[in-house]
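# Inside the fold
Listed below are the residues making up each chain.
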Amino acid sequence: MTDIGSIVAEIAAEMAQATDRGRVADYIAPLAGVDPAHFGLAVVTADGACHVAGDADMPFSIQSVSKVFTLTLALGRVGDRIWDRVGREPSGTSFNSIVQLESEQGVPRNPFINAGAIVVSDMILAGHQPREAIGEILRFVRGLAGDEAIYIDEAVARAEQETGFRNAALANYMRAFDNLNNPVDLTLGVYFHHCAIAMSCRQLALAGRYLMARGVNPETGKRVISPERARRINALMLTCGHYDGSGEFAFRVGLPGKSGVGGGILAIAPGHASIAVWSPGINTSGNSQLGMVALERLAQRTGWSVFDPVSI
Ligand code: DON
């Protein structure tokens, strides 16, 4: 039997030695100040065990990883009508690209690029005050992880708001195409706040359990989403979760995964494990440099891959 705990400890020890750690995101001060030496890994397996190593209990800014949770919430709220306003194709561009929106009439390629996630925020905001929508997202994530300590880092949210000109451009552009229903500043307020959720690897891996367990939170037995939708969220994570690095991630890791510029990645081995890794240095596609290396090694050593019928 594979000893997951030893593999997790082994990988963390190897990553501590790594010299090429990528570059910490520097578009806002609270992220620019994070020490690139951090590394955390948490693996929650189907039997409920949680294996952790390194800085697995240190909260970090989950940034775009939050888009998995907002997509899940929005699917529960509006169902498949979501796909009238957001596509399901890899973008082949950076996460904040503007060019594609013009040729595609304000309909973002997928829910994980910024434009797509802003539309998803607009759906969650519908009929609510921003405060209520943000509260709903936070409650949802806390419920998934079973941890009331998860919080929104207000300094990050504020800095995102102060510097988010590109996101404002994307939102205004989509509004011009009638693909945003609420005032741009309110929708962006929701978006910036969910990007500013702070979580540890342990909390993130716990929150992702429903995606390894066919839509059910294995701890509470509560259904979060239908098995079909859980499957589809995993499919989108595999094809679009790492922006223009999604092909490389599928090739090297072979699991659905979603990255954030804070250096976190949530990866899912369906039926086996929910995995969170954090190393703040990112590559040119905006994905954690060492996070991907660590997940590649974890997948190799456990045999987990959605492309291998023996392992899954
Ligand atoms: O909106 C932004 O640009 C950031 N708050 C989040 C971007 C992000 O994490 C993209 N992922 N790699």
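Residues numbered from 1 in each chain as written. Predicted model: local features only at pLDDT ≥ 70, side-chain atom pairs only at ≥ 80, totals over all residues. Heavy atoms only, no water.

## Regarding the sheet that holds strand S3 (residues 50–54)
Spatial strand order, S3-S2-S9-S8-S7: five strands in an open sheet with antiparallel pairing. The two strands at the open ends of the sheet, each matched to only one other strand, are S3 and strand S7 (257–259). When the angles between neighbouring strand axes are averaged without regard to direction, this sheet yields 10 degrees. Note: strand S2 (residues 40–45) against S3, five bridges, orientation antiparallel. By the bridge assignment for S3, Ala42 is matched with Val52. (Pairing = 2+ DSSP bridges. Helix = DSSP H or I, 4+ residues; strand = E, 2+ residues; numbered from the N terminus. Axes fitted to C-alpha atoms, helices over the stretch in contact; angles between N-to-C directions.)

## Section: the domain arrangement of the protein
How big an interface is tends to be expressed through the accessible area that disappears when the partners come together. Considered domain by domain, the protein is made up of domain 1 (4–61 + 199–301) and domain 2 (64–197). A C-alpha centroid distance of 20 Å is found between domain 1 and domain 2. In this assembly, 34 residues from domain 1 lie in contact with 39 residues from domain 2. When domain 1 packs against domain 2, close to 2,900 Å² is buried across both sides, 70% of that on carbon and sulfur atoms. Among the residues domain 1 hides against domain 2, the three largest losses belong to Arg229, Leu236 and Tyr243. Together they make up 20% of the total. For the pair domain 1 and domain 2, the number of links is one salt bridge. With a closest N to O distance of 3.6 Å, Arg229 and Asp80 form a salt bridge. If you look at where domain 1 meets domain 2, you find seven residue pairs in polar contact (both at pLDDT 80 or more). Those elements giving two or more residues to the side of domain 1 that touches domain 2 turn out to be strand S4 (60–61), helix H10 (201–207), helix H11 (209–212), helix H12 (227–240), S7 and strand S8 (264–269). Counting residues per element, the side of domain 1 that touches domain 2 draws most heavily on H12, which supplies six residues. Among the residues forming the side of domain 1 that touches domain 2, the class breakdown is 20 nonpolar, ten polar and four charged. (Domains from an automatic or database assignment. Contact = heavy atoms within 4.5 Å. Buried area = accessible area lost by both parts, 1.4 Å probe. Salt bridge = Lys/Arg side-chain N within 4 Å of Asp/Glu carboxyl O. Polar contact = N/O pair within 3.5 Å; in protein donor to acceptor, adjacent residues only side chain to side chain. Nonpolar A, V, L, I, M, F, W, Y, C, P; charged D, E, K, R; others polar.)

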